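Residue-level structure breakdown
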Amino acid sequence: MQILVTNDDGIHARGLWALAGELKKFADVTVVAPDGERSAIGTAVTLRYPLKVRPVKPPVSGVAASSVDGTPSDSVILALGKLMAGKVDLVVSGINHGPNLGEDVHISGTVGAALQGYLRGFSAVAVSAPAEMPHGLRPGDDMQHNVTDEALEATARTAALVIKRLAENPPPRRILLNINLPPLPLMEITGAKITRLAQGSHINTVEEGNHGRRRYYWLERERLDGTAGDGTDIWAVTHGDISITPLYFNRDDKPPQAFLDGLCAGLIEELQRR
Ligand code: MN
């Protein structure tokens, strides 16, 4: 199995390499990712200037790695269309440093990259680790430091297990999965649930300030609590469950429920066994 791995936190992010290291145990892994932080960029594509690709010395041996001076979507389009054309079985994006939940996934660079694979006919998985954000995400927050190595390890193992199940029992059509873990130690996670996106998980507000003679604005993202209905992704992670959300934009691509249930069945037991 040949897996293309990308992310939106940049090619040097710990989450990317935690994931690549875990996937390498059972698949051929190639990393093509942005050369720096590109979070919250959605599916943006660079059309007005040329892109440069540079080889990167990977911190995980046996993984080929290249950086792109563009977006996560650019990285996937370049990899599938040129660098790895004809060789990819699955596109995996992450591990994002911080959750991607609710309708906000539509601005996520992590999910955006996975979506570019899906739109090209590939199955794709977006993976995000929980961050310590007790007061919501504030301007200038350094997400890199709010995600523990333990959270990344648990998330990488979860993703690997789901991807192994996809490989052993392929979905009838392309599938796009968005995986999030609850902010708990692995042994305290209670289960894994197939979910739908919660509505309005965050609200964007504008904070205005004055810096000498110049007015400035920060776009802030604040969490809305208590709005997530039963069965949503936010509901799952706030109740201690792993959330697996199938995303699709064409009714023909709706995965059969029995197939989705098979991804979750016994998942947490298998994760906690080791
Ligand atoms: Mn990110």
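Refer to the structure above for everything that follows.
Residues numbered from 1 in each chain as written. Predicted model: local features only at pLDDT ≥ 70, side-chain atom pairs only at ≥ 80, totals over all residues. Heavy atoms only, no water.

**Details of the nonpolar core**
Keep this limit in mind: We call a set of buried residues a nonpolar core when its members are Ala, Val, Leu, Ile, Met, Phe, Trp, Tyr or Cys and they connect through side-chain atoms within 4.5 Å of each other. Think of it in three bands: residues with accessible area under 20% of the maximum for their type are buried, residues over 50% are exposed, and the middle band is partly exposed, with areas taken using a 1.4 Å probe on protein chains only. Only DSSP runs of H or I covering at least 4 residues are called helices, and only runs of E covering at least 2 are called strands; the numbering of each starts at the N terminus. We call two residues contacting when some pair of their heavy atoms lies within 4.5 Å.
Membership of the largest hydrophobic core comes to 50 residues, with the highest contact counts inside it found for Trp17, Leu23, Val31, Leu177 and Ile242. If you tally residues by element for this core, the top one is helix α4 (residues 149–168), at 10 residues. Here Ile242 is in contact with Thr158, Ile179, Asn180, Leu181, Pro182, Ile189, Gly191, Ala192, Lys193, Ile268 and Leu271, once residues within four sequence places are set aside. Counting 21 residues, the second-largest nonpolar core is a separate cluster that includes Leu78, Leu80, Val91 and Leu247.

**Some details on the coordination of the manganese ion**
To keep it simple, the criterion reads: For Na, K and Ca the donor cut-off is 3.2 Å; for every other metal, N, O and S atoms count as donors within 2.8 Å. Water does not enter the count, which can leave sites looking incomplete.
The manganese ion binds to the protein through Asp8 (OD), Asp9 (OD), Ser39 (OG) and Asn96 (OD1); the donor distances cover 2.1 to 2.2 Å. For the manganese ion, the donor residues sit on a single chain with the sequence spacing D-D-x29-S-x56-N. Taken together, the residues span a long stretch of sequence, with Asp9 in the loop between β1 (2–6) and α1 (14–23) and Asn96 in strand β5 (residues 90–97) at a distance of 87 residues. Residue class for Asn96 comes out buried when judged on its relative accessible area of 6%.

**Here we look at the sheet that holds strand β7 (residues 176–180)**
Inclusion rule: For two strands to count as paired, DSSP must find a minimum of two bridges between them. Axis lines are fitted to C-alpha atoms, over the contacting stretch for helices. Their N-to-C directions set the angle, which ranges from 0 to 180 degrees.
Spatially, the nine strands line up as an open sheet ordered β3-β4-β2-β1-β5-β6-β7-β11-β8, and their pairing is mixed. Bordering the open sheet on either side are β3 (53–55) and β8 (191–194), each of which pairs with just one other strand. Across the sheet, the mean angle from the axis of one strand to that of its neighbour is 20 degrees, orientation sign disregarded. Pairing geometry for β7 and strand β11 (residues 241–247), over five bridges, is antiparallel. Paired with Asn178 across the strands is Thr245, a residue of β11. Contacts between α1 and the sheet are confined to β1, β2 (28–34), β4 (64–68) and β5, with β5 contributing the most and set at about 140 degrees to the helix. Packing against the sheet, helix α3 (residues 109–119) makes contact with β1, β5, β6 (123–129), β7 and β11, and its axis sits at approximately 170 degrees to β6.

**Let's talk about helix α6 (residues 257–264)**
Put simply, the rule reads: What the arc measures is the spread of directions leading from the helix axis to the C-beta atoms.
For α6, the set of buried residues is Phe259, Leu260, Leu263 and Cys264. Summarising the axial view, the buried residues of α6 lie within an arc of 145 degrees, below the 170-degree limit, and thus occupy one face. Where the residues of α6 are buried, they touch α4, β7, β8, β11 and α7 (267–273). Downstream of α6 by one or two residues, Gly266 has phi in the positive range, about 70 degrees.

**Section: a nonpolar patch on the surface**
Rules: Two joining distances apply to patches: 9 Å for like charges and 5 Å for nonpolar side chains (Val, Leu, Ile, Met, Phe, Trp, Tyr), and every residue must have over 30% relative accessible area and no salt bridge. Using a 1.4 Å probe, the Shrake-Rupley method yields the accessible areas, and only the shown protein chains count as cover for residues. We count a salt bridge whenever a side-chain nitrogen from Lys or Arg sits within 4 Å of a carboxyl oxygen from Asp or Glu.
A grouping of Val206, Tyr217 and Leu219 is seen on the molecular surface, where their side chains present a nonpolar patch of about 360 Å² in accessible area. Summarising the element assignment, Tyr217 is placed in strand β10 (residues 214–223).

**A closer look at the side chain of Ser123**
In this fold, Ser123 is placed in strand β6. Note on Ser123: relative accessible area 14%, which makes it buried. If we skip the residues at most four places from it in the chain, Ser123 touches Leu90, Val91, Pro171, Arg173, Arg174 and Ile175.

**Some points on the pattern of salt bridges**
All chains considered together, the criterion is met by nine salt bridges. With its nearest N and O atoms 3.2 Å apart, the salt bridge here joins Lys25 to Glu22. Residue classification places Lys25 among the exposed residues on the basis of a relative accessible area of 58%. Judged by relative accessible area, Glu22 falls into the buried class, the value being 13%. Between Arg38 and Asp35 there is a salt bridge, and its shortest N-O distance comes to 2.6 Å.

**Remarks on the packing of helix α2 (residues 72–83) against α3**
To describe two helices that pack against each other, one gives the angle between their axes and the distance between the axes. Going by this rule: An angle below 35 degrees is treated as roughly parallel, one above 145 as roughly antiparallel, one from 65 to 115 as roughly perpendicular, and anything else as oblique. Helix crossings fall into two classes, left-handed where the near helix is turned counterclockwise from the far one by less than a right angle and right-handed where it is turned clockwise. The nonpolar class holds Ala, Val, Leu, Ile, Met, Phe, Trp, Tyr, Cys and Pro. Asp, Glu, Lys and Arg form the charged class, and all remaining residues, Gly among them, are polar.
At a minimum axis separation of 8 Å, α2 and α3 run at an interaxial angle of 25 degrees. With respect to their mutual orientation, α2 and α3 come out roughly parallel. For α2 against α3, the interelement crossing comes out right-handed. Along its contact with α2, which presents Pro72, Ser73, Val76, Ile77 and Leu80, the element α3 presents Gly109, Gly112, Ala113, Gln116 and Gly117. Residues that form the contact of α2 with α3 fall into these classes: five nonpolar, five polar and no charged.

**With respect to the side chain of Thr232**
Mapped onto the secondary structure, Thr232 falls in the loop between β10 and α5 (233–238). The residues touching Thr232, leaving out its near neighbours within four places in the chain, are Thr195, Arg196, Leu197 and Ala198.

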